[in-house]
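Close look at the chain arrangement
Given next are the chains, with one letter for each unit.
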Amino acid sequence: MLSSLAAVLFDGFAYGMLLFLLSVGLSVTLGMMNFVNLAHCSFAMIGGYATVTLANRFGWPFLATLPMAFVTAALVSILLERILFRRLYRASDLDQCLLTIGLVFISIAGFAWFYTTEQQSTRLPAFLQGSVQAGNLSLAAYRIFLIVVSLAITAALILLLEKTRFGAQVRAAVDNQRMARGLGIDVDRTFMITFAIGGGLAGLGGALSIQVVGLDTSFALTFLVYVLIVVSVGGLGSIGGSFAAAAVLGISDMAGKYYFPWLGAFLIYLVMVALLMWRPVGLFGRR
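Scope of this entry: the structure provided in the associated data block. All figures in this text were calculated on a predicted structure; none of them were measured in a lab.

Moving on to the overall build of the chain. The helix and strand inventory of the chain stands at eleven helices and two strands. Starting at the N terminus and ending at the C terminus, the chain contains elements arranged as α-α-α-α-β-β-α-α-α-α-α-α-α. Computed over C-alpha atoms, the radius of gyration of the chain comes to 19 Å, within 12% of the 19 Å expected from 2.2 N^0.38 for 287 residues, which places it in the range of a compact globule. Summarising its shape, the C-alpha atoms of the chain cover approximately 60 × 50 × 35 Å along the three principal directions. Taking all 287 residues of the chain together, the buried fraction comes to 51%. Sequence-distant contacts, at least 24 apart, represent 77% of the contacts inside the chain between residues at least 6 apart. Surface exposure of the chain reaches about 13400 Å², of which carbon and sulfur atoms provide 67%.

Listed below in structure tokens is the structure:
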């Protein structure tokens, strides 16, 4: 009983860390920049297909494709931010939603054209295959790797946004653009970098998700719901909130499928409703 509970907690936490990687970029752009980017999971799909292309067609090692997944998604984020998104910073939420959901369907059609709608896969290095024995538990090596990467990114993001000059510039630019420009802050450049970081993290999450949940052209819509749940439960603009929400929801989802199969994936929505009734602004939300 205890070993099965520990296995569920471990697998659920690993799944939660995957949700965190996919959602933390949206938490930053939506919470700190007030931009509703429903195309966020399209950037995750870009990173995933970049990894598939480099690994399967060009023979790159899996680990070498991960930085390129981040960079590719970040560059596409910069391009879209410069051409489209910046024109809608002051627009209504509805305008932002309509534009970005349109980009989702464009990305789905584009990847279906070039890659078909089949599930994609890549080969992992030997040390990420199999499992690691910890007492009576058998822990998947790849899930351990996923947890370690997520924890490292969480620490790096908190340091970047809370302890550096750049983080202070982002918060100042969001609170009062006119004052920030008067202080010499390049607001346009700050927003561009913030979008690049958010999109790049989504791309990295998409690459890492291939071995856990798979990758196909419906990814951008399928996981958009989960990403929005994590962001809303965690609280807008809160890295710690997104981390906590992703962990709770990941464990809840895994426990529901294991202990209450008749509920299926519905338990995650029950947990979301309960948490938002308790904390309407999210676990760590301030507004």
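Now that the structure has been shown, the text picks up again.
A separate point is the side chain of Q96. Relative to the helices and strands, Q96 resides in helix α4 (residues 93-115). Among residues more than four places away in sequence, those in contact with Q96 are N34, F35, V36, L88, Y89 and A91.

With that out of the way, let us pick up helix α11 (residues 267-278). Helix length check: α11, at twelve residues, gives a terminal C-alpha distance of 17 Å against a target of 16 Å (1.5 Å per residue), a fit within 8%. Residues L267, I268, V271, M272 and L275 constitute the buried set of α11. Viewed end-on, α11 has its buried residues packed into an arc of 140 degrees, placing them on one side of the element. Against the buried residues of α11 lie α9 (219-234) and α10 (239-259).

Another point: the packing of aromatic side chains. The way to describe two aromatic rings as a pair is by their centre distance and the angle between their planes. Here the structure, examined in full by the defined rule, presents 16 aromatic pairs. Arranged with centres 5.8 Å apart and planes meeting at 90 degrees, the rings of F35 and Y89 form a pair that is edge-to-face. Of the two residues, F35 sits in the loop between α1 (2-33) and α2 (40-57) while Y89 sits in the loop between α3 (62-83) and α4, which places them 54 residues apart along the sequence. Taken as a pair, F35 and Y89 share a single burial class, namely buried. Residues Y49 and Y115 carry aromatic rings whose centres are separated by 4.6 Å and whose planes lie at 40 degrees to one another, so their mutual orientation is tilted. With Y49 in helix α2 and Y115 in helix α4, this residue pair connects regions lying 66 residues apart in the sequence. The exposure class assigned to Y49 is buried, which follows from its relative accessible area of 1%. Assessed through its relative accessible area of 17%, Y115 is described here as buried. One aromatic cluster in this structure is built from F35, F85, Y89, F191 and F195.

Turning to the packing of α2 against α4, a few remarks are in order. At a minimum axis separation of 10 Å, α2 and α4 run at an interaxial angle of 15 degrees. Here α2 is positioned roughly parallel relative to α4, judged by the angle of their axes. Along this stretch, α2 crosses α4, giving a crossing that reads as left-handed. Contact residues: S42, M45, I46, Y49, T53 and R57 in α2; L103, V104, S107, I108, F111, F114 and Y115 in α4. For the contact of α2 with α4, a count of residues per class yields nine nonpolar, three polar and one charged.

Scanning all chains against the criterion turns up one cavity of 30 Å³ or more. Reported here for the largest cavity is a volume of approximately 50 Å³. Of all elements in the fold, only α5 (141-163) and α8 (187-213) reach the threshold of two or more residues within the lining of the largest cavity. At three residues, the largest contribution of residues to the lining of the largest cavity is made by α8.

Side-chain alternation along strand β2 (residues 137-140) places L137 and L139 on a buried face and S138 and A140 on a face that remains uncovered. As defined by bridge partners, strand β1 (residues 131-134) adjoins β2 across four bridges and the pair is classed as antiparallel. Along β2, the bridge assignment pairs V132 with L139. Hairpin connection between β1 and β2: a loop of two residues separates the two successive antiparallel strands, and G135 in this loop has a positive phi of roughly 65 degrees.

What follows concerns unusual backbone geometry. Residues other than glycine seldom take positive phi values, yet T116 does so here, at roughly 65 degrees. Tracing the backbone through its elements, the reader meets T116 in the loop between α4 and β1.

Scoring rules and cut-offs
- Residues numbered from 1 in each chain as written.
- Predicted model: local features only at pLDDT ≥ 70, side-chain atom pairs only at ≥ 80, totals over all residues.
- Heavy atoms only, no water.
- Helix = DSSP H or I, 4+ residues; strand = E, 2+ residues; numbered from the N terminus.
- Rg over C-alpha atoms; globule rule 2.2 N^0.38 Å.
- Buried < 20%, exposed > 50% of the residue type's maximum accessible area, 1.4 Å probe, protein only.
- Contact = heavy atoms within 4.5 Å.
- Areas by Shrake-Rupley, 256 points an atom, 1.4 Å probe, with all protein chains shown as cover.
- Expected span 1.5 Å × (residues − 1).
- Arc of directions from axis to C-beta.
- Phe/Tyr/Trp six-rings, centres within 6.5 Å; stacked < 30°, edge-to-face > 60°.
- Axes fitted to C-alpha atoms, helices over the stretch in contact; angles between N-to-C directions.
- Parallel < 35°, antiparallel > 145°, perpendicular 65-115°, else oblique.
- Left-handed = near helix turned anticlockwise from the far one by under 90°.
- Nonpolar A, V, L, I, M, F, W, Y, C, P; charged D, E, K, R; others polar.
- 1 Å grid on protein atoms, 1.4 Å probe; cavity = no way out; pocket = protein on both sides within 12 Å on 5 of 7 lines; lining within 4 Å.
- Points joined across faces, edges and corners; volume = space filled by probe spheres on them.
- Pairing = 2+ DSSP bridges.

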